[in-house]
Each structure stands twice: as C-alpha cells, then as structure tokens.
Amino acid sequence: MMEAVSRITEAGGERRIIAPSVLSADLMRLARDIDSVSKGGADWVHLDIMDGHFVPNLSFGPSLAKAIRGYTDLPVDTHLMLDNPQDFVEPFAKAGADLITVHLEAIEGPGLLEKIAGLGVRAGLSLRPDRPVEDLKPFLRYVDLVLIMTVFPGFGGQGFLPGSAERIAEARRLIAACGRKIWLEVDGGINKETAAAACRAGADAFVAGNAVFGEKSPAEAVRNLRSSIN
Ligand code: DX5
Ligand code: ZN
C-alpha cells in the first residue's frame, strides 16, 4: 500500500487548531459546509467514527474519509470511537486520514499507535472523561496528539463537562514533562466560552460540531471561535 504521508504538522507552532466535526454538518450539503469552514479558516476536518458498541451511536466509515480527502486540502483528523480500532487503522490510512486517534479503553498496549505511525499517519490517543488522565503517561512517547474528551463520547451537542479544565491542565503538565511536541486537542461542547477556558488550561486544538455547523454561517462561527482562542 502506498505509504500515507500526513499533512498534519508537528505540534508546538504558534497557530492553534480548529477542527470542525462533520458529525454536526448538513450531510446533504457536506461539500458546501466543508467549503464554508475552510473559508472561515478551519485547520483540520474532524471525522467522528462510531461503531454502536464503544459508543451508543453509529456514524461513518472509511468511504467518507476518502470522499473528504478527495474533496478538500484540509487534513482529515479521524477519531475512532470503536471497540476494535485495530481493524480500521489501515482502511482509514488508505482512505487518506492524516491523523488517527484511538481510545485508551480500546487498545492493549502501544502497538497500534506504532502501527499508525508506521503507515505515515499521525497517531492520537483519547480517553473517556471518567478515566484518569494519568493513564496516558506510558503512551505519550508514541503519540503526536492527545484528545481530552470534554463530553462522554457518542453524540454532538452535549455540554462541556465540569472538571474538564482541570483534566486539560493535567494533560498539559504530562505533555510538558515528557518533552515531546504533542497536540492537546479537546472535543465535546466546545464553543466560544468553553474554548477560551480550554485554551487557558492548555489546549491547542479544538474540535467543534454544533458550535460551528449549528450556526447559519459555519465560516463566521469558525472566525468567532478563533477570536476566543487567540
Ligand atoms: C463525540 C464527538 C462529539 C463531537 C463534537 O461525542 O466527538 O464530541 O465531535 O460535538 P459538539 O461540538 O457538538 O459537542
Ligand atoms: Zn471526536
């Protein structure tokens, strides 16, 4: 298989990342919505992949990742909320995912993260909001991104969980201590207010579904979000 080469840069630059989640986009006008967020200055497209087991919802597959990859220059940031991520890393890499995030709850050890990197794709690791952030520590040397869930995964439009800012700050401390350049992404209930709080706590990548695609102009929503994290 042709080695994928991720378009996602190493963390640590000045620019903070806005990654609209297509889970909340108008799926009958997805190209229009992607054009809009791109015009508004979005950095990545966030693709929430759900299997109906790991989370009580079912969403998309590699074919949508392929379609989006073929349509936009924005990197595809894929969030696998799957019981068996090991079965889907290669199909999403082949589809053109630039970053593949798996959940700590669904892996045995670092092997799958190494496999993602071996495919030329950036590797991310996420965990549910009720899992100690400390559990990430042994895996930080294998990842380019940590995704702190600020809702229980499965649905867009939920509220930013209390205690999330503390978890983000703890993740930032762990990343600083490990000395590697790792994105700290947040996902769930992110809007202008919660993005500002998450940014203050140390996040530098922001997934937003409803706060972007629930607005009349997703482009304007991205610009507003950007103004709250600069
Ligand atoms: C997991 C999904 C959602 C989604 C963001 O549930 O990952 O968190 O991306 O949705 P909003 O921004 O609408 O909470
Ligand atoms: Zn997500």
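No experiment lies behind these values; they were computed from the predicted model shown.

Turning our attention to the overall build of the protein. Summing up its helical and strand segments, the protein has eight helices and eight strands in all. A compact globule built from 230 residues would reach a C-alpha radius of gyration of about 17 Å, and the protein, at 16 Å, matches this within 12%. Split into buried and exposed, the 230 residues of the protein put 54% on the buried side. Of the contacts made within the protein by residues no fewer than 6 positions apart, 66% connect residues no fewer than 24 positions apart. Summing over all exposed atoms, the protein offers an accessible surface of approximately 9900 Å²; the carbon and sulfur share of this is 51%. Placing the 25 positive and 30 negative side-chain charges of the protein at their respective mean positions leaves the two points 5 Å apart.

Another point: the site of ligand 1. Around ligand 1, a shell composed of 20 residues is seen, among which Asp48, Gly154, Asp187, Gly189 and Gly209 lie nearest. Between ligand 1 and the protein, one listed contact pairs an oxygen atom with a side-chain N or O atom of serine 21 at 3.3 Å. Taking glycine 157, its main chain carries an N or O atom lying 2.8 Å from an oxygen atom of ligand 1. When ligand 1 sits alone it has 370 Å² of accessible area, and the protein chains cover 99% of it. Secondary-structure elements contributing two or more residues to the shell around ligand 1 are β2 (45-50), β3 (76-81) and β8 (205-208). In the shell around ligand 1, the residues fall into eight nonpolar, 10 polar and two charged.

Here helix α5 (residues 164-178) is 15 residues long and its end C-alpha atoms lie 21 Å apart, about the 21 Å a rise of 1.5 Å per residue gives. Those residues of α5 hidden inside the fold are in contact with β5 (122-127), β6 (145-149), β7 (183-187) and α6 (192-201). The positive-phi residue at the C-terminal boundary of α5 is glycine 179, with phi of around 75°.

With that settled, the discussion passes to the packing of helix α1 (residues 30-39) against helix α8 (residues 218-229). α8 packs onto α1 with a crossing angle of 35° between their chain directions and a minimal axis gap of 7 Å. Along this stretch, α1 crosses α8, giving a crossing that reads as right-handed. Of the residues in α8, those in contact with Asp33, Ser36, Val37 and Lys39 of α1 are Pro218, Ala219, Val222 and Arg223.

Attention shifts here to the packing of aromatic side chains. If you walk through the whole model with that rule in mind, you get one aromatic pair. The interplanar angle of 85° and the centroid separation of 5.6 Å between the aromatic rings of tryptophan 44 and tryptophan 183 together place this pair among those described as edge-to-face. One end of the pair, tryptophan 44, is in the loop between α1 and β2; the other, tryptophan 183, is in strand β7, with 139 residues separating them in the sequence. With relative accessibility at 3%, the residue tryptophan 44 sits in the buried group. With a relative accessible area of 2%, tryptophan 183 lands in the buried category. Seen from the ring of phenylalanine 54, arginine 128 lies directly overhead, with NZ or CZ sitting 4.2 Å from the centre.

Bringing the coordination of the zinc ion (ligand 2) into the picture now. Within the protein, His46 (NE2), Asp48 (OD), His79 (ND1) and Asp187 (OD) serve as the donor atoms for the zinc ion (ligand 2), at 2.0 to 2.2 Å. When the donors of the zinc ion (ligand 2) are listed by position in the chain, the intervening gaps give H-x1-D-x30-H-x107-D. Taken together, the positions of histidine 46 in strand β2 and histidine 79 in strand β3 put the pair 33 residues apart, joining distant regions of the chain.

With that out of the way, let us pick up the pairing of β3. Each regular strand shows side chains that alternate between the opposite faces of the sheet. When you tally the buried positions in β3, you get six out of six residues, the bulk of the element. Relative to β3, β2 runs parallel, the two being bridged by six bridges. Residue pairing in the sheet places valine 45 in a bridge with valine 76 of β3. In this fold, the crossover linking β2 to β3 by way of helix α2 (residues 62-71) has right-handed handedness. Bridge count for β3 against strand β4 (residues 99-103) is three bridges, and the pairing is parallel. If you follow threonine 78 over to β4, its bridge partner there is isoleucine 100. Handedness of the crossover is the feature at issue here: the chain leaves β3, passes through helix α3 (residues 89-95), returns alongside β4, and the resulting connection is right-handed.

Reading guide: rules and limits
- Residues numbered from 1 in each chain as written.
- Chains lettered and ligands numbered in written order.
- Predicted model: local features only at pLDDT ≥ 70, side-chain atom pairs only at ≥ 80, totals over all residues.
- Heavy atoms only, no water.
- Helix = DSSP H or I, 4+ residues; strand = E, 2+ residues; numbered from the N terminus.
- Rg over C-alpha atoms; globule rule 2.2 N^0.38 Å.
- Buried < 20%, exposed > 50% of the residue type's maximum accessible area, 1.4 Å probe, protein only.
- Contact = heavy atoms within 4.5 Å.
- Areas by Shrake-Rupley, 256 points an atom, 1.4 Å probe, with all protein chains shown as cover.
- Lys, Arg positive; Asp, Glu negative; His and termini not counted.
- Charge placed at Lys NZ, Arg CZ, Asp CG, Glu CD.
- Near = heavy atom within 4 Å.
- Polar contact = N/O pair within 3.5 Å; in protein donor to acceptor, adjacent residues only side chain to side chain.
- Nonpolar A, V, L, I, M, F, W, Y, C, P; charged D, E, K, R; others polar.
- Expected span 1.5 Å × (residues − 1).
- Axes fitted to C-alpha atoms, helices over the stretch in contact; angles between N-to-C directions.
- Left-handed = near helix turned anticlockwise from the far one by under 90°.
- Phe/Tyr/Trp six-rings, centres within 6.5 Å; stacked < 30°, edge-to-face > 60°.
- Lys NZ or Arg CZ within 6 Å of the ring centre and 35° of its normal.
- Donors = N, O, S within 2.8 Å, 3.2 Å for Na, K, Ca; no water.
- Pairing = 2+ DSSP bridges.
- Right-handed = clockwise from strand over helix to strand, strands pointing away.

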